[in-house]
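# Report on the structure
The lines below spell out each chain.
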Amino acid sequence: QALSGASNVSPSQILANPNLETINSEGWPLGWPTLPEAELKREGDDNFVRVNQAEPDEWTMLYRAATVPAGCGALRFSLNARVLDLVPGANIWNEARVVFQFKDLNGTVIRPRPRPLILGKKGSNSWSERSVEFLVPENAATLEVIQSRTKFHSKKATRKIIRPKYSWLEIV
């Protein structure tokens, strides 16, 4: 279902290098954060980022921020991901998800936050396309996108892999 936010700007992509095609001199996708638990992989013609979590109760995140264009009324975030070997924790947020938050020009978080995009509560071997649309608050300057935010509560070591194949944030 499309949102009825009045956008004064044309639909466009606002996250740089969403398909992970442009690689920097260190062999990492340009504009994407690096973290020790992540590695760049290739499957067929597609690059993807693999995020590994070897220990329970560990937070693992891929964080990106995008400038919200003036006059933007709504955004759509799309992701192609798969989640392997997920052991969910005791709390509802202990799962594979993408969390969003808007900030104003002063860096203050604007409430309420958009609903998170749930990628999985258990593992799957299949790629899955997911998307979410949300209205943009009037005073929003930045949208923070936190991919792979998860925490496990398990006595045994667990492994979680989220593989963003592409990650789009577009004006709708």
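These numbers come from a predicted model, not from an experiment.

## Digging into the environment of Arg115
- Positionally, Arg115 belongs in the loop between strand S7 (109-110) and strand S8 (117-120).
- Note: C-alpha distance between Arg115 and Val132 (17 residues apart in sequence) is 8.4 Å.
- Excluding its chain neighbours within four sequence positions, the residues that come into contact with Arg115 are Phe100 and Val132.

## Considerations on the confidence of the model for the chain
- Considering every residue of the chain, the mean pLDDT works out to 76; 70% of them sit at 70 or more.
- Looking over the chain, one finds the lowest element-wise mean pLDDT in strand S11 (residues 160-162), namely 41, and the highest in S7, namely 97.
- Confidence over residues 1-8 falls short of pLDDT 50; this stretch has 18 contacts with residues more than four positions distant or in other chains.

## Focus: the pairing of strand S6 (residues 96-103)
- In terms of burial, S6 is a largely internal element, eight of the eight residues being buried.
- Two strands pair when backbone bridges link them, and S6 and S8 are joined in this way by three bridges, in the antiparallel orientation. Its bridge partner being in S8, Ala96 is matched across the sheet by Gly120.
- The loop that links S6 with its antiparallel partner S7 comprises five residues; one of these, Gly107, has a positive phi angle of about 85°.

Cut-offs used in this document
- Residues numbered from 1 in each chain as written.
- Predicted model: local features only at pLDDT ≥ 70, side-chain atom pairs only at ≥ 80, totals over all residues.
- Heavy atoms only, no water.
- Helix = DSSP H or I, 4+ residues; strand = E, 2+ residues; numbered from the N terminus.
- Contact = heavy atoms within 4.5 Å.
- pLDDT = per-residue confidence, 0-100.
- Buried < 20%, exposed > 50% of the residue type's maximum accessible area, 1.4 Å probe, protein only.
- Pairing = 2+ DSSP bridges.

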